[in-house]
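# Examining the three-dimensional arrangement
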Amino acid sequence: MSAGTTTSVRLVDCGKTFPDGTKALEPTSIEIAGGETVVLLGPSGCGKTTMLRIIAGLEQPDDGGAVLFNDDDVTAVPIEKRNVGMVFQSYALFPNMSVADNIAYGLRVRKHDGAQVRTRVDEMMEMMDIADLGARSIDQLSGGQRQRVALARAIAVQPRILLLDEPLTALDALLRERLRVEIDGLLRGLGITAVYVTHDQSEALALGDRIFVMSNGQIAQTGTPREIYHAPANAFVADFVGTVNRLIGTVRKSGVDLGGRPVRIDGVSAPAGTEVELLFRPEDADIVSLKEADFSGKVQTSFFLGSRTRLVLTAANGQPVIIDSSGRESFAIDQEIGVRIRPEGVRIE
């Protein structure tokens, strides 16, 4: 599928209210470029799956909402006529069919002739590295193999849009990591427009060209993975995407006082004496000597994570702080260490 034939998606004022009055999605407008992979990221109940189902045609938006593929209004078009591919968390494979027949199902529904079906199924099984599994039944497959079959079935029909609803949740951590890499390569190789739903921040950061972080039926922030991680728009995004520290400090003429030397931070407009909250990631702080530190803290817990050691500190004012250091360093419980924050990594609330 070449870039010239990719399909863009546009939602215009799409909200969703269920018959019992539950507001699953506030009126939302978004644009997804042809060939782009967008991740809908958020906690359970935030509206991300509802948005995906509206794009698919499994749910109708509230009155006034519209769904467009390129310039075609498909709001009233049922899912079977939208030519979308869907991959579910549960795989939704047919247990009474072989692997090859599962992959061929959509092609046969679309009345492709036998030779075309066989050729396409062979291509898909080769692409997914399951070429030797065609005759097996679904209950003879591992979780990773089933997920590959589900992907092959969704892609076989050459959909305009590929929709993936938490497709890796049921897999163990090591297999999730491997399939995440494979899905990323697959989507970029196909150049297909894809919408991927997850609550896993690592998946979102790894797979998305852009991420829509959702909360309470609304989009809290849209941006590239780097923008979402390094420049969160608000406290919810900062807390949900990665680990973030929150330290209360006092504004001084020379910077923000955290109990050591004042931290110089651009953009602090509050008058001297005002308390502000500093948000920063664990990797945006360095361990330094006590006399060079912005503040000090005592080690409460130390986790060795291979490439790094994660420290949980209690600052002198009692606030908890999480810091990452080299995996080759070791620390004792109650050891006092100095911490310097990198000004470029700080957000002021």
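Everything quoted here is computed from the prediction, not taken from an experiment.

### Thoughts on the overall build of the protein chain
In terms of helices and strands, the protein chain carries 8 helices and 19 strands. Sorting the 349 residues of the protein chain into buried and exposed places 48% on the buried side. Considering only residue pairs separated by 6 or more positions, the protein chain has 65% of its internal contacts joining residues 24 or more positions apart. Summed over its atoms, the accessible surface of the protein chain is roughly 16600 Å², and 48% of this surface lies on carbon and sulfur atoms. Looking at charge distribution, the protein chain has the averaged site of its 37 positive side-chain charges lying 1 Å from that of its 46 negative ones.

### As for the pairing of strand 3 (residues 37–41)
Counting buried positions along strand 3 gives 5 out of 5 residues, so the element sits mostly inside the fold. Neither face of strand 3 is left uncovered, since the one carrying Thr37, Val39 and Leu41 and the one carrying Val38 and Leu40 both have all their residues buried. Relative to strand 8 (residues 193–198), strand 3 is paired through 5 bridges, and the arrangement is parallel. Along strand 8, the bridge assignment pairs leucine 41 with threonine 198. In the sheet, strand 3 pairs with strand 9 (residues 210–215) via 4 bridges, with the strands oriented parallel. Paired with valine 38 across the strands is arginine 210, a residue of strand 9.

### Examining the packing of helix 4 (residues 143–156) against helix 5 (residues 173–190)
As a packed pair, helix 4 and helix 5 sit with axes 11 Å apart at the nearest point and diverge in direction by 15°. Between helix 4 and helix 5, the angle is such that the two are roughly parallel. Judged by the sense of rotation from one axis to the other, the crossing of helix 4 with helix 5 is right-handed. Contacts from Gly143, Gly144, Gln147, Arg148, Leu151 and Ile155 in helix 4 reach Leu175, Arg178, Leu179, Glu182, Ile183, Leu186 and Leu190 in helix 5.

### Quick notes on the domain arrangement of the protein chain
Looking at the assigned domains, one finds that the protein chain contains domain 1 (9–240) and domain 2 (245–348). Between the C-alpha centres of domain 1 and domain 2 there is a distance of 40 Å. Contact residues are listed per partner, giving 8 residues for domain 1 and 5 residues for domain 2. Summed over both sides, the interface between domain 1 and domain 2 buries roughly 590 Å², with carbon and sulfur atoms accounting for 33% of that surface.

### A word on helix 2 (residues 99–109)
For helix 2, every residue scored as buried is listed here: Val99, Ala100, Asn102, Ile103, Ala104, Gly106 and Leu107. Taken from the residues just after helix 2, lysine 111 is the one with a positive phi, measuring 70°.

### Quick word on helix 3 (residues 114–127)
An ideal rise of 1.5 Å per residue puts 20 Å on 14 residues; helix 3 measures up with 20 Å between its terminal C-alpha atoms. For helix 3, the set of buried residues is Val117, Arg120, Val121, Met124 and Met125. The buried residues of helix 3 all sit within an arc of 135° when viewed along its axis, so they share a single face. Across from the buried face of helix 3, at angles greater than 90 degrees, the exposed residues are Arg118 and Glu126. Here the buried face of helix 3 lies against helix 2 and helix 4. Looking at where helix 3 begins, the residue whose side-chain oxygen comes 3.1 Å from the main-chain nitrogen of alanine 115 is aspartate 113.

### Comments concerning the nonpolar core
Ranked by size, the top nonpolar core spans 49 residues in total, and within it Ile103 and Leu162 carry the most contacts. Looking at this core, the element that brings in the most residues is helix 4, giving 7 residues. Once residues within four sequence positions are removed from consideration, leucine 162 is found in contact with Gly85, Val87, Ala154, Ile155, Leu187, Ile192, Thr193, Ala194 and Val195. Counting residues in each nonpolar core, the second largest holds 25 residues, with Met51, Ala56, Met86 and Val195 among its members.

### Some words on the environment of glutamine 335
Looking at the element boundaries, glutamine 335 is found in the loop between strand 17 (320–326) and strand 18 (336–341). We classify glutamine 335 as partly exposed; its relative accessible area is 30%. Separated by 152 residues in the primary sequence, glutamine 335 and isoleucine 183 have C-alpha atoms spaced 44 Å apart. Each residue touching glutamine 335, except ones within four places of it in the same chain, is listed here: Gly297, Lys298 and Val299. A distance of 3.0 Å separates a polar side-chain atom of glutamine 335 from the backbone nitrogen of alanine 332.

Cut-offs applied
- Residues numbered from 1 in each chain as written.
- Predicted model: local features only at pLDDT ≥ 70, side-chain atom pairs only at ≥ 80, totals over all residues.
- Heavy atoms only, no water.
- Helix = DSSP H or I, 4+ residues; strand = E, 2+ residues; numbered from the N terminus.
- Buried < 20%, exposed > 50% of the residue type's maximum accessible area, 1.4 Å probe, protein only.
- Contact = heavy atoms within 4.5 Å.
- Areas by Shrake-Rupley, 256 points an atom, 1.4 Å probe, with all protein chains shown as cover.
- Lys, Arg positive; Asp, Glu negative; His and termini not counted.
- Charge placed at Lys NZ, Arg CZ, Asp CG, Glu CD.
- Pairing = 2+ DSSP bridges.
- Axes fitted to C-alpha atoms, helices over the stretch in contact; angles between N-to-C directions.
- Parallel < 35°, antiparallel > 145°, perpendicular 65-115°, else oblique.
- Left-handed = near helix turned anticlockwise from the far one by under 90°.
- Domains from an automatic or database assignment.
- Buried area = accessible area lost by both parts, 1.4 Å probe.
- Expected span 1.5 Å × (residues − 1).
- Arc of directions from axis to C-beta.
- Polar contact = N/O pair within 3.5 Å; in protein donor to acceptor, adjacent residues only side chain to side chain.
- Core = buried A, V, L, I, M, F, W, Y, C linked by side-chain atoms within 4.5 Å.

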